[in-house]
Amino acid sequence: RTFTMPTYNVTVNATFKKTADQLSVEAAQTLIEGMNNVTVAQATANTEAAVKTWLATQINALAGMNATGITVAASNITLSNFIAAQTGTAGNLPGTNGSFTFTVSLQKGNSTTLTTAGKNGTVTATPYDATQDNADIAAAKAEIEKADYTDTQVNVPDAAAAKAKVEALIDLLTLNGVTTTVIDGAFTPATAGNAGNLSGTNGSYKFTVNLNKGGGTQQTTKQLTLAITATPYDAMQDNADIAAAKALVENAGYTDTQANVPDAAKAKAAVEAIISTLTLNGVTTTVVPGSFTAAVAGNAGNPAGTNGSYTFTVNLNKGGGTQQTTTQLTLTVTATPYTPPATHLVNISTTTNGTVSASPANPVSENTAVTLTVSPA
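Positions within a chain are numbered from 1, following the residues in the order the chain's sequence is written. Confidence filtering applies because this is a predicted model: local features only for residues at pLDDT of at least 70, side-chain atom pairs given and counted only at 80 or more, and all residues used for totals across whole chains, interfaces and linings. Only hydrogens and water are set aside; all other atoms, that is, all heavy atoms of the structure, feed into the side-chain values.

## A closer look at the overall build of the protein
We count a stretch as a helix when DSSP gives it H or I for four or more residues in a row; a strand needs E for two or more, and each element gets its number in order from the N terminus. Along the backbone of the protein there are seven helices and 19 strands. Across its three principal directions, the C-alpha atoms of the protein cover 240 × 25 × 25 Å. Residues counted as buried form 30% of the 377 residues belonging to the protein. Charge counting treats Lys and Arg as positive and Asp and Glu as negative, with His and both chain ends excluded. For charged residues, the charge sits on one atom: NZ in Lys, CZ in Arg, CG in Asp, CD in Glu. Between the mean site of the 17 positive side-chain charges and the mean site of the 23 negative ones, the protein shows a separation of 21 Å. For each residue, the accessible area found with a 1.4 Å probe, counting protein chains only, is set against the maximum for its type, and the residue is called buried under 20%, exposed over 50%, and partly exposed in between.

## A word on the pattern of salt bridges
For this analysis, a salt bridge means a side-chain nitrogen from Lys or Arg found within 4 Å of a carboxyl oxygen belonging to Asp or Glu. Summed over the entire model, instances satisfying the criterion amount to seven salt bridges. Here Lys 165 makes a salt bridge to Asp 151, at a shortest N to O gap of 3.6 Å. A residue pair is termed long-range when its members are at least 10 positions apart, and Lys 165 in helix H5 (residues 159–171) and Asp 151 in strand E6 (residues 150–152) qualify at 14 residues. Assessed through its relative accessible area of 25%, Lys 165 is described here as partly exposed. Classification of Asp 151 by relative accessible area gives buried; the value is 9%. Where Glu 250 meets Lys 246, a salt bridge forms, and the shortest distance between an N and an O atom there is 3.1 Å. One end of the pair, Glu 250, and the other, Lys 246, are both in helix H6 (residues 236–251), four residues apart, so they sit about a helical turn from each other. Residue class for Glu 250 comes out partly exposed when judged on its relative accessible area of 23%. In this structure Lys 246 comes out as buried when scored by relative accessible area, which is 18%.

## Observations concerning unusual backbone geometry
Of note, Asn 37 is a non-glycine position whose phi angle comes to about 50 degrees, a positive value. Along the chain, Asn 37 turns up in the loop between helix H1 (20–33) and strand E1 (39–41).

## Describing the nonpolar core
Counting 25 residues, the largest nonpolar core has Leu 55, Ile 59, Ile 77, Phe 100 and Phe 102 as its most contacted members. Among the elements of the structure, H1, helix H2 (48–60), strand E2 (77–83) and strand E3 (98–106) are those that each provide at least two residues to this core. Here the element with the most residues in this core is H2; it accounts for five residues. Note on contacts: a residue pair is in contact if any heavy atoms of the two residues lie within 4.5 Å. Excluding anything up to four places from it in sequence, Ile 59 contacts Ile 32, Met 35, Met 65, Val 72, Ile 77, Phe 102 and Val 104. Formed by 23 residues, the second largest nonpolar core is a distinct cluster that contains Val 271, Val 283, Val 314 and Leu 316. We define a nonpolar core as any set of buried Ala, Val, Leu, Ile, Met, Phe, Trp, Tyr and Cys residues linked to one another through side-chain atoms lying within 4.5 Å.

## Focus on the packing of aromatic side chains
Aromatic ring pairs are described here by two measures, namely the spacing of the ring centres and the angle between the planes. Whether two aromatic rings pair depends on their centres lying within 6.5 Å, for rings of Phe, Tyr and Trp, where Trp uses its six-membered ring; planes under 30 degrees apart make the pair stacked, over 60 edge-to-face, and the rest tilted. Scanning the entire structure with this criterion turns up five aromatic pairs. Relative to Phe 312, the ring of Tyr 254 has its centre 5.1 Å away and its plane inclined at 75 degrees; by these criteria the two rings are edge-to-face. Pair noted here: Tyr 254 is in the loop between H6 and strand E11 (255–257) and Phe 312 is in strand E13 (residues 308–317), with a separation of 58 residues, a long-range link. Residue classification places Tyr 254 among the buried positions, given a relative accessible area of 5%. By relative accessible area, which is 1% here, Phe 312 ends up buried. Taken together, the ring pairs in this structure connect Tyr 149, Tyr 205 and Phe 207 into an aromatic cluster.

## Considering H5
It helps to recall that an α-helix has 3.6 residues per turn; residues three or four apart then point in one direction. Given a rise of 1.5 Å per residue, 13 residues ought to cover 18 Å, and the 18 Å separating the end C-alpha atoms of H5 matches this to within 8%. Three or more residues of H5 are buried, namely Ala 161, Ala 162, Val 166, Leu 169 and Ile 170. In this structure, the buried residues of H5 make contact with helix H4 (131–146), E6, strand E7 (179–188), strand E8 (203–212) and strand E10 (224–229). Think of a polar contact as two N or O atoms within 3.5 Å of one another; within protein, one of them needs to be a possible hydrogen donor and the other a possible acceptor, and neighboring residues in sequence only count if both atoms come from side chains. Measuring from the backbone nitrogen of Ala 160 back to the side-chain oxygen at the start of H5 gives 3.3 Å, which picks out Asp 158 as the cap. Every helix has an expected span of 1.5 Å times one less than the residues it contains.

In structure tokens, the structure reads:
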């Protein structure tokens, strides 16, 4: 209002009030400075520009902000000390949160421009995503469980060697970065073959495997088994001994007398006795009978008699060696030669009175009757 001042004795009292716009700015300032837990996810905002945009949205959504008639733009916000969040990794699963400090410049109409006090905020890091790790662990578990675990007794004499072999076999698998830890179970050593058990007895090593990768959840395989193949019996020396024994048996002399070998049973016993005198290095022998022909003793008409024979073969064995059989061999049964009876001479002295003769004529066999003829009688 305009009025003319008198020339004297005039006192003017003025009362000043804040404008409605100023009150709105101050109300907005109070709302912003009262914000608590100013936190934004890394996936939502992790740059200064993005954080300002997010803050403007959050501020404009405050209860009571709409009543002030003030709309905050990103350009009204000032950030300081901004640190971006770091996404989680296999070595740092939660990641590292970011942080910032912000102020807001407020003005409405002809109001005074106010700047809010600094407020701190947090950018929450995106944690490590273990989905792929868990998938890789599951795939690795399947690979390990279906793998073949076998080795020889020579390579796996004890539990430590068995574990090392399993680890070596697992190392050959494609596990996409999954780490494995072999957990010992029971170990049963293999028993090498011998003459009584040529194949030997296989051993075994039981184990499980723990699997891990990054932020994935550890998994453990079912119980698995490394088969340990026993060292079979080595029959090389046995075969060599059998071959040598065969040669000795085939080259031996087999002869006995008719008196000692009257029949096939005695003939077999005679052959066995001869073989028993040979040095066969543990090779066992079995005489297999062939044919037997008895010897015929000599007589006056065939003083030498007729030799007999006993044919046979011999089976030879030792340990794990392969049985060999000799060629057909023969025991010669020497006939008992004819022994003629003893002879004597009959001496007759002649006389002048006649003659004396003896029959049969000299020589005369023992126990033969002799007839004497005297003439004249």
